[in-house]
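One letter stands for each residue in the lines below.
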Amino acid sequence: MGRVVGFELNSQDPEKAAAFYNKVFGWEVAPPFWDYREVTTGNEEIKGIDGGIGKGPSDFPHGTRIQIEVDAIDEVIEQAKNNDASILRDKMEFDNFFLAYLVDPTGIGIGLIQYK
C-alpha cells in the first residue's frame, strides 16, 4: 500500500513562499539545497507530514504535489503506465532514495519515493 509521506510546494519565488509559511503557520524551513528547502510542519507527537518548498520546474511551475512511498518504484511506475498515467520524470537516484514524478489519468501530479 502506498502511503503519503510528504508534499512539495512549487513556486517561482520559493524564498517568498518559505517566508509566508514560516510566518503564518510556524513551519521550520531549512536552508536551500539544490533550490529545495525541507519543511518541518510540527513535532512528531502530532499527526502530520513534512515536505519541502522548491522552485517549480517548467513542467510544474507552481502547485502542490504529494509524495507516495512505495516498496518497488520500478513496478509502480510500470503499473501506473499500464493504467494511463504519464511519466514526467522517470526514476531519479539520490543519496537515500529514488524519486519519480507522474501525472495520473485525470491530470493530478504526484511523486513516487522509494527509500533505500
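This text follows the structure it describes.
Small disclaimer: the values here were computed from a predicted structure and weren't measured.

### Some remarks on the packing of aromatic side chains
For any pair of aromatic rings, geometry is given as the distance between the ring centres together with the angle between the planes.
Here comes step 1: Using the criterion set out here, one finds 10 aromatic pairs in the structure.
Here comes step 2: Relative to W27, the ring of F7 lies with its centre 5.5 Å away and its plane at 45 degrees, an arrangement referred to as tilted. Of this pair, F7 sits in strand 1 (residues 3–11) while W27 is found in the loop between helix 1 (14–25) and strand 2 (28–29), placing the two residues 20 residues apart along the sequence. Here F7 matches W27 in class, with each residue buried.
Here comes step 3: Between F97 and Y115, the ring centres sit 6.3 Å apart and the planes meet at 65 degrees, which makes this aromatic pair edge-to-face. One end of the pair, F97, is in strand 7 (residues 97–103); the other, Y115, is in strand 8 (residues 109–115), with 18 residues separating them in the sequence.
Here comes step 4: Of the residues examined, Y115 reaches a relative accessible area of 41% and is grouped as partly exposed.

### Description of the nonpolar core
Here comes step 1: Within the largest apolar cluster, 11 residues are counted, these being I68, V70, I73, I77, A80, A85, F98, A100, L102, I110 and L112.
Here comes step 2: Going through the elements one at a time, helix 2 (73–82), strand 7 and strand 8 are the ones with two or more residues in this core.
Here comes step 3: Once you skip the residues sitting within four places of it in the chain, L112 turns out to touch I68, V70, I73, V76, I77, F98, L99, A100 and L102.
Here comes step 4: Grouped together as the second largest cluster of nonpolar side chains are 7 residues, F7, A17, W27 and I53 included.

### Quick word on the pairing of strand 7
Here comes step 1: Burial analysis of strand 7 places 6 of its 7 residues in the buried class, the great majority of the element.
Here comes step 2: As paired strands, strand 6 (residues 86–93) and strand 7 are joined by 5 bridges and run antiparallel to one another. Each residue of the ladder has a partner; that of M92, found in strand 7, is L99.
Here comes step 3: What sits between strand 6 and strand 7 in their antiparallel hairpin is a turn of 3 residues.
Here comes step 4: Here strand 7 folds back onto strand 8, and the loop between the two strands holds 5 residues, one of which, G107, carries a positive phi near 100 degrees.

Conventions used here
- Residues numbered from 1 in each chain as written.
- Predicted model: local features only at pLDDT ≥ 70, side-chain atom pairs only at ≥ 80, totals over all residues.
- Heavy atoms only, no water.
- Phe/Tyr/Trp six-rings, centres within 6.5 Å; stacked < 30°, edge-to-face > 60°.
- Helix = DSSP H or I, 4+ residues; strand = E, 2+ residues; numbered from the N terminus.
- Buried < 20%, exposed > 50% of the residue type's maximum accessible area, 1.4 Å probe, protein only.
- Core = buried A, V, L, I, M, F, W, Y, C linked by side-chain atoms within 4.5 Å.
- Contact = heavy atoms within 4.5 Å.
- Pairing = 2+ DSSP bridges.

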